[in-house]
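Structural features, examined
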Amino acid sequence: MKKDWEVKKLGEVLSIERGGSPRPISRYITNSEDGLNWIKIADATASDKYIYKTKEKITREGLHKTRLVNIGDFILSNSMSFGRPYIMKTTGCIHDGWLVLRQNGTKIFDTEFLYYLLSSTYVFNQFNSLAAGSTVRNLNIALVSSVSVPIPPLPEQKRIVSILDRAFKAIDKAKANAEQNLKNAKELFESYLQGVFENKGDDWEEKTLSEIVIDTCSLSYGVVQPGNDFENGLPVIRPVDLKTKFVKKDNVKLMNPVNAEKYKRTTLQGDELLLCVRGDTGIVSLITEDFKGANVTRGIVPVSFNKNTISLQFGYYSFISTFVQKQIKDKTYGAALMQVNIRDVRQLLFIVPPIAEQKQIVKKLDALQAETKKLETIYQQKIDNLEELKKSVLQKAFNGQLTMDN
């Protein structure tokens, strides 16, 4: 820290107040032109610095039960993704999920410097430490007021902002390129996969899922409610476990085997495909023989392919193809809980080439997918590294170590 920099508590140099909410809020929401902007967490995103507008307004009658913020004020989320600052570019009212920070009288902070400061790990780590141990992690006035911050002279603040602006512009450009490369890598595989089913051979057949499984009756829902974890119990796979191509045992829930007695149809034999039919419909994963004897929840339908008609691997690629995924999305219904009816699952159409050709296609898709995953890993790592570089630059800025060469 440089000698001419002061260190003070945020509460010493800023006015910090909490928002409030008129209740029940539904009585105060309005479409009237003279309504007051009602600022919600949903009006801000992690990539934005400013809040320009809101989706909802409240009546002026609710003003005495909330807090008005003005253009130039800082608001800080104090729950959920707490500690995230935004600069107001409009006026409006904040609920108790926000804190408002204002400068008192004499200008101590350059606006952009304060934004960078509040966005830094230098400040967030203090938020994080002070909020540790709470059942509900949130920020309050006393906690934020107690955070120590460096205060360089205003000319020095402007110099730091100038350097940070240039550095972040270059980092953001590199990050955007990496994100585009990541997107391109994913689309490369998806495009090739789509081409497989668009350029089908003359001897390829169109069949329903019921026609390519061992037993149509096996296409059933699993356990209604797995209950609490049961020591040395029966593994039961949930939709949340379908995160990778092959299900991992790490976080699979264990249930009382007695509760699965009447769900014999969905007892797993190993080497099956699991289809999510509730929530993120269409998500699929494969299981190995390690899961033989396990079961699934009601949100999953196990699929045992007739191996004389379709291989497990080709069935997997068929399921993740646009051809099948579109059918699933078209049959998905619901509001609070999206789902697919089992009858519609059984009628899903598949394009099935001869087994020998399936093996050739799977070999090519496996190779391309492996290469694609390598590229995705490289680009994702680059994106993560760039985010860490941002944090490192900010850390140097508020330790007084930032130069034009950083």
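All of the points below concern the structure found in this document. Please read all numbers here as calculations on a predicted model, not as lab measurements.

Focus on the overall build of the protein
The secondary structure content of the protein amounts to nine helices and 20 strands. The globule rule puts the C-alpha radius of gyration for 406 residues at 22 Å, and the 28 Å found for the protein is more than 25% above it. A principal-axis box enclosing the C-alpha atoms of the protein has dimensions of 80 × 55 × 50 Å. Counted over contacts in the protein with a minimum sequence separation of 6, partners at least 24 positions apart contribute 76%. Positive and negative side-chain charges in the protein, numbering 57 and 47 respectively, have mean positions lying 4 Å apart.

Describing the nonpolar core
Ranked by size, the top nonpolar core spans 41 residues in total, and within it Phe109, Phe127, Val144 and Leu164 carry the most contacts. Per-element tally for this core: the top contributor is helix H5 (residues 154–198), with seven residues. Not counting the four nearest positions on each side in its chain, Phe127 is found in contact with Leu76, Phe82, Gly83, Leu139, Leu143, Val144 and Val147. Phe189, Phe197, Phe305 and Val345 belong to the second largest nonpolar core, which has 35 residues in total.

Let's talk about the pattern of salt bridges
Per the counting criterion, the structure on display carries 19 salt bridges. With a closest N to O distance of 2.9 Å, Glu17 and Arg102 form a salt bridge. You can see Glu17 sitting in strand S2 (residues 14–18) and its partner Arg102 sitting in strand S11 (residues 98–103), a full 85 residues away along the chain. Classification of Glu17 by relative accessible area gives partly exposed; the value is 24%. Its salt-bridge partner being Glu156, residue Arg159 comes within 3.1 Å of it at the nearest N-O pair. Linking Arg159 with Glu156, this pair stays in helix H5, spanning three residues, or about one helical turn. Each of Glu17, Arg67, Asp73 and Arg102 takes part in a single network of salt bridges with overlapping partners.

Digging into the sheet that holds strand S3 (residues 29–30)
On the basis of which strands lie adjacent, the open sheet formed by five strands has the order S3-S6-S4-S10-S7 and mixed pairing. Each end of this open sheet is capped by a strand with a single partner; those strands are S3 and strand S7 (67–69). As judged from the three bridges shared by S7 and strand S10 (residues 92–94), these two strands associate in the antiparallel manner. The residue bridging Arg67 from the neighbouring strand is Ile94, located in S10.

Focus: unusual backbone geometry
Outside of glycine, negative phi angles account for most residues, and trans bonds account for most peptide bonds. Cis geometry is found at the peptide bond from Arg23 to Pro24, where omega equals -5 degrees. Here Pro24 lies in the loop between S2 and S3. Backbone geometry places Asn232, a non-glycine residue, at a positive phi of 55 degrees. Mapped onto the fold, Asn232 is located in the loop between strand S13 (205–208) and strand S14 (234–237). According to the relative accessible area criterion, Asn232 is exposed, its value standing at 71%. Although it is not a glycine, Asp271 adopts a positive phi angle of roughly 60 degrees. Inspection of the secondary structure puts Asp271 in the loop between strand S15 (253–255) and strand S16 (273–276). When its relative accessible area of 29% is taken as the criterion, Asp271 is described as partly exposed.

Thoughts on the packing of aromatic side chains
On inspection of all chains with the given rule, the structure shows 11 aromatic pairs. Centroid distance Tyr86 to Trp98: 5.9 Å. Interplanar angle 80 degrees. Geometry classified as edge-to-face. One end of the pair, Tyr86, is in strand S9 (residues 85–88); the other, Trp98, is in strand S11, with 12 residues separating them in the sequence. Classification of Tyr86 by relative accessible area gives buried; the value is 5%. Summarising the aromatic geometry, the rings of Phe197 and Phe314 are spaced 5.8 Å apart at their centres and angled 50 degrees between planes, so their arrangement reads as tilted. Of this pair, Phe197 sits in helix H5 while Phe314 sits in helix H6 (residues 312–320), and the two are 117 residues apart along the sequence. Each member of the pair, Phe197 as well as Phe314, carries the same accessibility label: buried. Members of the aromatic cluster, joined through ring pairs, are Phe109, Phe113 and Phe398. Above the plane of the ring of Tyr50 lies Lys89, whose end atom (NZ or CZ) is 4.7 Å from the centre.

Side note on the packing of H6 against helix H9 (residues 355–398)
Between two packed helices, what matters for the description is the angle formed by their axes and the separation of those axes. For the pair H6 and H9, interaxial distance at closest approach is 9 Å and the crossing angle is 65 degrees. Seen from above, H6 lies across H9 with left-handed handedness. Contacts between H6 and H9 involve Gln313, Phe314, Tyr316 and Tyr317 on the former and, on the latter, Gln358, Ile361, Val362, Leu365, Asp366 and Gln369. Class assignment of the residues belonging to the contact of H6 with H9 gives a composition of six nonpolar, three polar and one charged.

Some thoughts on the sheet that holds S15
Strand order in this open sheet of three strands is S15-S14-S18, and the pairing throughout is mixed. Only two strands of the sheet have a single partner each, and these edge strands are S15 and strand S18 (295–296). Pairing of S14 with S18, which is carried by two bridges, proceeds in the parallel orientation. Across the sheet, the residue bridging to Val236 is Asn295, located in S18.

Definitions and cut-offs
- Residues numbered from 1 in each chain as written.
- Predicted model: local features only at pLDDT ≥ 70, side-chain atom pairs only at ≥ 80, totals over all residues.
- Heavy atoms only, no water.
- Helix = DSSP H or I, 4+ residues; strand = E, 2+ residues; numbered from the N terminus.
- Rg over C-alpha atoms; globule rule 2.2 N^0.38 Å.
- Contact = heavy atoms within 4.5 Å.
- Lys, Arg positive; Asp, Glu negative; His and termini not counted.
- Charge placed at Lys NZ, Arg CZ, Asp CG, Glu CD.
- Core = buried A, V, L, I, M, F, W, Y, C linked by side-chain atoms within 4.5 Å.
- Buried < 20%, exposed > 50% of the residue type's maximum accessible area, 1.4 Å probe, protein only.
- Salt bridge = Lys/Arg side-chain N within 4 Å of Asp/Glu carboxyl O.
- Pairing = 2+ DSSP bridges.
- Phe/Tyr/Trp six-rings, centres within 6.5 Å; stacked < 30°, edge-to-face > 60°.
- Lys NZ or Arg CZ within 6 Å of the ring centre and 35° of its normal.
- Axes fitted to C-alpha atoms, helices over the stretch in contact; angles between N-to-C directions.
- Left-handed = near helix turned anticlockwise from the far one by under 90°.
- Nonpolar A, V, L, I, M, F, W, Y, C, P; charged D, E, K, R; others polar.

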